[in-house]
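Coordinates in review
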Amino acid sequence: MIGLPAGTRVWLAAGATDMRRGFDGLAATVQATLHEDPFSGHVFVFRGRKGDRLKVLWWSGDGMCCRRSSRCCLKALIGDGLCARINRHRLDRCKKG
């Protein structure tokens, strides 16, 4: 589990993301598609094409962090097709399968 400060938002990019992308590619997606600042301290969650993999990107204050998970339950698109805000408890439940 990622320890997050109070007030941290968790954003879910509802479309499929190329899971080969690293820090720079995911940060560019946050800026261009979600119109958010990847260095804001908020958490950005990306799903793979099949919906069974996640990548989580956030700025920790010391640097950009990225975690992967291959156990995920995001089979359906969430939100308006672009992004959705979810809470960290729902993210933790999803990562547990």
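Presented here is a report on the structure given in the accompanying data block. These numbers come from a predicted model, not from an experiment.

Points about the pairing of strand E3 (residues 54–59)
Along E3, five of the six residues are buried, which leaves the element largely enclosed by surrounding structure. In this structure, strand E2 (residues 43–47) lies alongside E3, joined through five bridges in antiparallel fashion. Along E3, the bridge assignment pairs Val43 with Trp58. Connecting E2 to the next strand, E3, in antiparallel fashion are six residues, including Gly51 with a positive phi near 80°. Judged from the six bridges that link them, E3 and strand E4 (residues 64–69) form a sheet pairing that is antiparallel. Residue Val56 lies in a different strand from E4, and its bridge partner there is Arg67. Where E3 hands over to E4, the hairpin turn is made up of four residues, of which Gly61 adopts a positive phi near 100°.

So, the side chain of Thr29
Positionally, Thr29 belongs in helix H1 (residues 23–34). Among the residues examined, Thr29 registers a relative accessible area of 14% and is labelled buried. At 3.0 Å, the side chain of Thr29 forms a polar contact with the backbone oxygen of Gly25.

Here we look at H1
The terminal C-alpha atoms of H1 lie 15 Å apart, and with twelve residues this matches the ideal 16 Å at 1.5 Å per residue to within 8%. For H1, the full list of buried residues reads Leu26, Ala27, Thr29, Val30 and Leu34. Take H1 and look down its axis: the buried residues cluster within an arc of 155°, on one side only. Of the residues in H1, the exposed ones pointing more than 90 degrees away from the buried face are Asp24 and Ala32.

Let's talk about the pairing of strand E1 (residues 10–16)
By the criterion of burial, E1 is predominantly enclosed, with five of the seven residues buried. Summarising the sheet, E1 and E2 pair through five bridges and their orientation is parallel. Along E2, the bridge assignment pairs Leu12 with Val45. In the classification by handedness, the crossover that spans E1, the intervening H1 and the parallel E2 is right-handed.

Quick word on a positive patch on the surface
A surface patch of positive charge is lined by Arg49, Lys50, Arg53 and Arg68. Inspection of the secondary structure puts Arg53 in the loop between E2 and E3. Given a relative accessible area of 45%, Arg53 falls into the partly exposed group.

Reading the values: the criteria
- Residues numbered from 1 in each chain as written.
- Predicted model: local features only at pLDDT ≥ 70, side-chain atom pairs only at ≥ 80, totals over all residues.
- Heavy atoms only, no water.
- Buried < 20%, exposed > 50% of the residue type's maximum accessible area, 1.4 Å probe, protein only.
- Helix = DSSP H or I, 4+ residues; strand = E, 2+ residues; numbered from the N terminus.
- Pairing = 2+ DSSP bridges.
- Polar contact = N/O pair within 3.5 Å; in protein donor to acceptor, adjacent residues only side chain to side chain.
- Expected span 1.5 Å × (residues − 1).
- Arc of directions from axis to C-beta.
- Right-handed = clockwise from strand over helix to strand, strands pointing away.
- Patch = residues over 30% accessible without salt bridge, like charges linked within 9 Å, V, L, I, M, F, W, Y side chains within 5 Å.
- Areas by Shrake-Rupley, 256 points an atom, 1.4 Å probe, with all protein chains shown as cover.
- Salt bridge = Lys/Arg side-chain N within 4 Å of Asp/Glu carboxyl O.
- Lys, Arg positive; Asp, Glu negative; His and termini not counted.
- Charge placed at Lys NZ, Arg CZ, Asp CG, Glu CD.

What is shown is where atoms sit, not what they do.
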